[in-house]
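Examining the three-dimensional arrangement
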Amino acid sequence: MLGGTFDPIHLGHLAIASEVCAELGLDQVLLVPANGQPFKEGMEAASPAHRLAMCRLVAEDDERLAVSPVDIERGGTTYTVDTLMDLRAQRPDAELFFITGADALARLDEWREPERLTELATFVGVTRPGHSLVRLEWPHVLVEAPELAISSTDVRRRVRNGRPIRYLVPRRVAEYIAEHGLYDGGLDD
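Here's a quick rundown of the structure. (Residues numbered from 1 in each chain as written. Predicted model: local features only at pLDDT ≥ 70, side-chain atom pairs only at ≥ 80, totals over all residues. Heavy atoms only, no water.)

Moving on, we get to the overall build of the chain. The secondary structure content of the chain amounts to eight helices and six strands. Secondary structure of the chain in N-to-C order comes out as β-α-β-α-β-α-α-β-α-α-β-β-α-α. Residue burial in the chain is summarised as follows: out of 189 residues, 45% are buried. Taking all contacts inside the chain whose residues are at least 6 apart in sequence as the whole, residues at least 24 apart take part in 67%. Just so you have it, the chain exposes about 9700 Å², and 46% of that area is on carbon and sulfur atoms. (Helix = DSSP H or I, 4+ residues; strand = E, 2+ residues; numbered from the N terminus. Buried < 20%, exposed > 50% of the residue type's maximum accessible area, 1.4 Å probe, protein only. Contact = heavy atoms within 4.5 Å. Areas by Shrake-Rupley, 256 points an atom, 1.4 Å probe, with all protein chains shown as cover.)

Structure, rendered in structure tokens:
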């Protein structure tokens, strides 16, 4: 699974999903948009419904991707341990891999119930721009993914400033953003 705010989902997210899927021979990567991120509280964001819709548009175009609304349906602040427990209950026979950036993996001890996390899934650390792969004490797999210097923050800023986002997000996501007036100074809920 690849979780995140996905505000909006962009080509950097998809490059990571594709690389990890290929490198580890996974059947599928499950995109799980967060309802609310504990490390991003107070930040302005598109509604969970919009972020979920954008993820679904992307998954329609790639058979290796699926989307789970588990965090949005639960509501409240999203904690990875809750996500993994819910996914484990839904898919008891599945081998779960949690994909995250090397920077986030290095801070796993700051997450809620870190010791439980590694019991629920294998953690996959991927490179991100400005961060290197790390060796850690807890079980994990390292994957070097293409380093695309794209951020959701930059995409939102570009939309607000009337700058192009073509080649930063999938075409259908760009169309969705325009159609719903997301990030253009006010957020459409």
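This brings us to helix 4 (residues 80–90). When we look at burial in helix 4, the residues that qualify are Thr80, Val81, Thr83, Leu84 and Leu87. With its buried residues spanning 160° around the axis, helix 4 presents them on a single face. As for helix 4, its buried residues are in contact with strand 2 (29–33), helix 3 (70–74), strand 4 (97–101), helix 6 (114–120) and strand 5 (122–126). (Arc of directions from axis to C-beta.)

We now examine the environment of glycine 76. Mapping glycine 76 onto the fold places it in the loop between helix 3 and helix 4. Sequence-wise, glycine 76 and glycine 36 are 40 residues apart; in three dimensions their C-alpha atoms are separated by 6.2 Å. Excluding residues that lie within four positions of it along the chain, glycine 76 makes contacts with Asn35 and Gly36.

A separate point is the environment of proline 114. Its location among the elements puts proline 114 in helix 6. Separated by 33 residues in the primary sequence, proline 114 and valine 81 have C-alpha atoms spaced 7.9 Å apart. Proline 114 has contacts with Leu108 and Asp109, leaving out every residue within four places of it along the chain.

Glancing now at the packing of helix 2 (residues 48–60) against helix 8 (residues 171–180). Where helix 2 meets helix 8, the axes come as close as 9 Å, and the angle between the chain directions of the two elements is 150°. One finds that helix 2 runs roughly antiparallel with respect to helix 8. Seen from above, helix 2 lies across helix 8 with right-handed handedness. Judged by residue contacts, Ala49, His50, Ala53, Met54, Leu57, Val58 and Glu60 of helix 2 engage Arg172, Val173, Tyr176, Ile177 and His180 from helix 8. Here the residues of the contact of helix 2 with helix 8 sort into eight nonpolar, two polar and two charged. (Axes fitted to C-alpha atoms, helices over the stretch in contact; angles between N-to-C directions. Parallel < 35°, antiparallel > 145°, perpendicular 65-115°, else oblique. Left-handed = near helix turned anticlockwise from the far one by under 90°. Nonpolar A, V, L, I, M, F, W, Y, C, P; charged D, E, K, R; others polar.)

Take it as geometry only, folks, not as evidence of what the structure does.
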